[in-house]
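# Notes for the structure review
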Amino acid sequence: MLNIYNTLSKTKEAFKPLDGNKVRMYVCGMTVYDYCHLGHGRSMVAFDLVTRWLRKSGYELTYVRNITDIDDKIINRANENGESFEALTARMIDAMHEDERRLSILPPDLEPRATDHIPGMHAMIQTLIDKGYAYAPGNGDVYYRVGKFVGYGKLSRKKIEDLRIGARIEVDEAKQDPLDFVLWKGVKPGEPSWESPWGPGRPGWHIECSVMSTCCLGESFDIHGGGSDLEFPHHENEIAQSEAATGKQYANAWMHCGMIRINGEKMSKSLNNFFTIRDVLEKYHPEVVRYLLVASHYRSAINYSEDSLRDAKGALERFYHALRGLPRVAAVGGEEFVERFSVAMNDDFGTPEACAVLFDLVREINRLRDTDVQAAAGLAARLRELGEVLGVLQLEADDFLRAGAEGKVDAAEVEALIQARLQARADKNWAESDRIRDQITAMGVVLEDGKGGTTWRLAD
């Protein structure tokens, strides 16, 4: 039985889809004004992991992750660049998809863009006006009336009276209450706009997700996800809009992944303390970055550091060393490891415990490889099978262990030296064998002698 921590109830709950075996999940995606940073990668990988486990568990999942392709940041960046917002967002979407592919992130089933759902936003806003939850003060803006929604704050546990302390209305706003938020923004000079019943303008951020999610998944669905920084106000406002408009519970379960931290602070573009995914991938293998992001529980914060990336690299090297030299066969044996892995993943996607199972499986593979190659190979296949859930261990072992060798060493030269060393050993010419080994070591290459022969990899 899968149990998921529901941010709405603040407890783990047995997962029961609304419609039989079918699961509908919506995750807040990127605002595409710049390259994705590692914090975005954390969210994408976390819900890719959820996607993989739900499907591995036999659920029929529809996974929707939106793209915000119009907002203040996009408009400002496009103006800075002297390009249209459409050109900017097209480039950034292509870059985002490239980053995803490199991190082995499966594409969502649907990837709606905000600008394709403007009519739906008009319809929901009008419904909210008709029900008294929204108002148009006549200046082209439309606001949501927070005080009218009885359940406001139920996700974040914030109280309206506390939020009002210190809140104020800006000079150019026509709000009735400082807590009211914008659903539709009247047009300003030089900004892109769409016609609406309230005059030309563009949508507010919160209404975009309410409309895209309900359009793609219906008025109620199973899981809504995103980063923990979205819990308030974005997700709180989504609930208020959607439930006021439909009269139904919006999402059954809310999942929030932890942040990437640099020196104790959230990685973010606003703090200018971020590393883009492509920055990190210039220095580290994509699978190392992926493993760093899945080895910690999705709800916990990850402290980004060179040490943590080196630890991730070391873990993967240990896994791939266990796979190295074993024939590719069907997964056989290891059912107890599968059971323990499943128990861990069914407990709110407990990847730290799942990774511990993989290390135990590696120990068993290494124990068997010199005495029973077929049994070791069957367990190696099992290791790859479980690794696939985490999005790792799908490469050939040598491809991972020698990654980055191109341009640093001549693989053919290394292989020739290994053969020369083997011949020297066969001739019992130990001095020559040691000399060749020293020559190879000086090239930045580590030799590993085993029962199956001599293999090599780059030194750390």
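I will try to describe carefully the structure that is included in this document. (Residues numbered from 1 in each chain as written. Predicted model: local features only at pLDDT ≥ 70, side-chain atom pairs only at ≥ 80, totals over all residues. Heavy atoms only, no water.)

## A few points about the nonpolar core
- Ranked by internal contacts, the top residues of the largest apolar core, which has 129 residues, are Tyr-144, Tyr-291, Phe-341 and Phe-349.
- Apart from residues lying up to four places away in sequence, Tyr-291 is in contact with Ala-312, Ala-315, Leu-316, Phe-319, Cys-355, Phe-359 and Val-392.
- Listed in part, the 10 residues of the second largest apolar core include Val-445, Leu-447, Trp-456 and Leu-458. (Core = buried A, V, L, I, M, F, W, Y, C linked by side-chain atoms within 4.5 Å. Buried < 20%, exposed > 50% of the residue type's maximum accessible area, 1.4 Å probe, protein only. Contact = heavy atoms within 4.5 Å.)

## Topic: the sheet that holds strand 9 (residues 221-227)
- Read from one edge of the open sheet, 4 strands run 4-3-9-10, paired in parallel fashion. Unpaired on one side and paired on the other, strand 4 (60-65) and strand 10 (251-257) mark the two borders of the sheet. Across the sheet, the axes of successive neighbouring strands diverge by a mean angle of 20°, strand direction being ignored.
- Relative to strand 4, strand 3 (residues 22-27) runs parallel, the two being bridged by 6 bridges. The residue bridging Tyr-26 from the neighbouring strand is Val-64, located in strand 4. (Pairing = 2+ DSSP bridges. Helix = DSSP H or I, 4+ residues; strand = E, 2+ residues; numbered from the N terminus. Axes fitted to C-alpha atoms, helices over the stretch in contact; angles between N-to-C directions.)

## With respect to helix 10 (residues 306-323)
- Taking 1.5 Å per residue as the helical rise, helix 10 with its 18 residues ought to reach 26 Å, and the 26 Å between its terminal C-alpha atoms agrees with that figure.
- In the segment just after helix 10, Gly-325 is the residue with positive phi, at about 80°. (Expected span 1.5 Å × (residues − 1).)

## Topic: helix 12 (residues 351-368)
- Taking 1.5 Å per residue, 18 residues should reach 26 Å; helix 12 reaches 26 Å between its end C-alpha atoms and fits that length.
- Looking at helix 12, one finds that the buried residues are Thr-351, Ala-354, Cys-355, Val-357, Leu-358, Phe-359, Leu-361, Val-362, Ile-365 and Leu-368.
- Buried-residue contacts for helix 12 involve helix 1 (38-56), helix 9 (286-295), helix 10, helix 11 (335-346) and helix 13 (373-390).

## Here we look at the sheet that holds strand 8 (residues 201-203)
- Taken in spatial order, the 4 strands line up as 5-6-7-8 in an open sheet, and their pairing is antiparallel. Of all the strands in the sheet, the pair left with one neighbour each is strand 5 (134-135) and strand 8.
- Examined bridge by bridge, strand 7 (residues 181-186) and strand 8 share 3 bridges and lie antiparallel to one another. The residue bridging Trp-184 from the neighbouring strand is Pro-203, located in strand 8.
- Sitting on the sheet, helix 4 (residues 118-130) touches strand 5, strand 6 (142-144), strand 7 and strand 8, and the angle it makes with strand 7 is about 125°.

## Overview of empty space enclosed by the protein
- Summed over all chains, the structure comprises 1 cavity of 30 Å³ or more.
- There is about 40 Å³ of room inside the largest cavity.
- Contributing to the lining of the largest cavity are Arg-42, Ala-46, Leu-49, Leu-293, Val-294, Ser-296, His-297 and Tyr-298.
- Those elements giving two or more residues to the lining of the largest cavity turn out to be helix 1 and helix 9.
- Looking at which element gives the most residues to the lining of the largest cavity, the answer is helix 1, with 3 residues.
- A breakdown of the residues in the lining of the largest cavity according to their chemical character gives 5 nonpolar, 2 polar and 1 charged. (1 Å grid on protein atoms, 1.4 Å probe; cavity = no way out; pocket = protein on both sides within 12 Å on 5 of 7 lines; lining within 4 Å. Points joined across faces, edges and corners; volume = space filled by probe spheres on them. Nonpolar A, V, L, I, M, F, W, Y, C, P; charged D, E, K, R; others polar.)

## A short note on the pattern of salt bridges
- Evaluation of the coordinates by the stated rule reveals 33 salt bridges.
- Note that Asp-109 and Arg-55 form a salt bridge whose closest N and O atoms lie 2.7 Å from each other. You can see Asp-109 sitting in the loop between helix 3 (85-102) and helix 4 and its partner Arg-55 sitting in helix 1, a full 54 residues away along the chain.
- Residue classification places Arg-55 among the partly exposed positions, given a relative accessible area of 32%.
- Beyond isolated ion pairs, a larger network of salt bridges with shared partners links Asp-72, Lys-185, Glu-191 and Arg-202. (Salt bridge = Lys/Arg side-chain N within 4 Å of Asp/Glu carboxyl O.)

## With respect to the packing of helix 4 against helix 7 (residues 231-246)
- Closest axis-to-axis distance for the helix 4/helix 7 pair is 9 Å, and the angle between their directions is 70°. What the angle tells us is that helix 4 and helix 7 run roughly perpendicular. Contacts from Met-124, Thr-127 and Leu-128 in helix 4 reach Gln-241, Ala-244 and Ala-245 in helix 7.
- Grouping the amino acids of the contact of helix 4 with helix 7 by side-chain chemistry returns 4 nonpolar, 2 polar and no charged. (Parallel < 35°, antiparallel > 145°, perpendicular 65-115°, else oblique.)

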